[in-house]
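# Residue-level structural notes
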Amino acid sequence: LLFDTITTPKIIAKYWFGDGNISFSGCLFQLFCVHSLGSVDSFILMLMAADRYIAILQPLRYFAIITKKLTTIFCSCFWVLGVVIVSVMTYMILKLPFCGPNNITGCFCSSSVIFPLACTDVTYVRQVSLIFALSVLLIPLAFIILSYALIVLTIHSMLHSDNWQKPFYTCTTHLLVICLYYIPRVFMYLANYVRLLFNADINVLILYMYTFLPHLA
């Protein structure tokens, strides 16, 4: 809800009313919110994978392990971690000199559309941003893959029983969200790093796939 609230009004203003302008400070604020909320998305998907893991492998101890206090602690830590990481990246971008052009190719401000506007070498900042981004994406993704590998092994051992369908269907929605979120996002980060250029409409389409569709699912 927060992510969509930050981005959707300006997208509607741009495509419905032709108002595609945004101030520099507004763009930096949107960039900070987009990346920090995207980081929290990744951490929450990891937390959901842990929840599925415990629900399937330790069903009788689930409510003893997954308590409100533990969930609150983890969620708070993820919010703080996301904000701290993106604050460093946003500060580095803020220090870059921008002398034009001032047209971005996306439908909201993100690091990938801001870097081409700088009038200096942004290789170092781009590399640091990529390391932050891939850490936020790939570390949770590695945990998710490991947890689901153990879940699959558990479900496989239950194939002889009549209850194996329930844990399988418990995971399908989460797996769909994971695919919609991670695959296009990692692809776009790597494509931007190697300067692989796409048509503007294709950029927007891929961007929608990993930002808005997971929230709908």
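Being a predicted model, the structure only gives us computed values, none of them experimental.

The rules behind these values
- Residues numbered from 1 in each chain as written.
- Predicted model: local features only at pLDDT ≥ 70, side-chain atom pairs only at ≥ 80, totals over all residues.
- Heavy atoms only, no water.
- Salt bridge = Lys/Arg side-chain N within 4 Å of Asp/Glu carboxyl O.
- Buried < 20%, exposed > 50% of the residue type's maximum accessible area, 1.4 Å probe, protein only.
- Core = buried A, V, L, I, M, F, W, Y, C linked by side-chain atoms within 4.5 Å.
- Helix = DSSP H or I, 4+ residues; strand = E, 2+ residues; numbered from the N terminus.
- Contact = heavy atoms within 4.5 Å.
- Disulfide = S-S within 2.5 Å.

Let us now look at the pattern of salt bridges. Taken as a whole and assessed by the stated rule, the structure comprises 1 salt bridge. D51 serves as the salt-bridge partner of R52, at 3.6 Å between the closest nitrogen and oxygen. Here R52 falls in the buried class, since its relative accessible area comes to 16%.

Turning our eyes to something else, we now look at the nonpolar core. Counting residues in each nonpolar core, the largest one holds 24 residues, and the members touching the most others are L45, L137, I144, Y148, I151, I178 and Y182. Elements that contribute at least two residues to this core include exactly α2 (24-57), α4 (68-94), α6 (123-157) and α7 (165-193). A total of 10 residues in this core trace back to one element, the largest contributor, which is α6. Apart from the residues within four sequence positions on either side, I144 is in contact with L45, M46, A49, I178 and Y182. Core analysis: the second largest hydrophobic core is formed by 17 residues, L28, L31, M89 and V113 among them.

Moving on: the state of the cysteines. The final tally for this structure, using the stated rule, is 2 disulfides. Covalently, C99 is tied to C119 through a disulfide, its sulfur atoms 2.4 Å apart. With a gap of 20 residues between them, C99 in the loop between α4 and α5 (111-114) and C119 in the loop between α5 and α6 connect regions that are remote in the sequence. Looking at C119, the relative accessible area reads 37%, which means it is partly exposed. When the bonded cysteines of the protein chain are numbered from the N-terminus onward, they pair as 1-3, 2-4. No disulfide involves C77; its nearest neighbouring cysteine sulfur is the one of C75, lying 9.4 Å away. Classification of C77 by relative accessible area gives partly exposed; the value is 45%.

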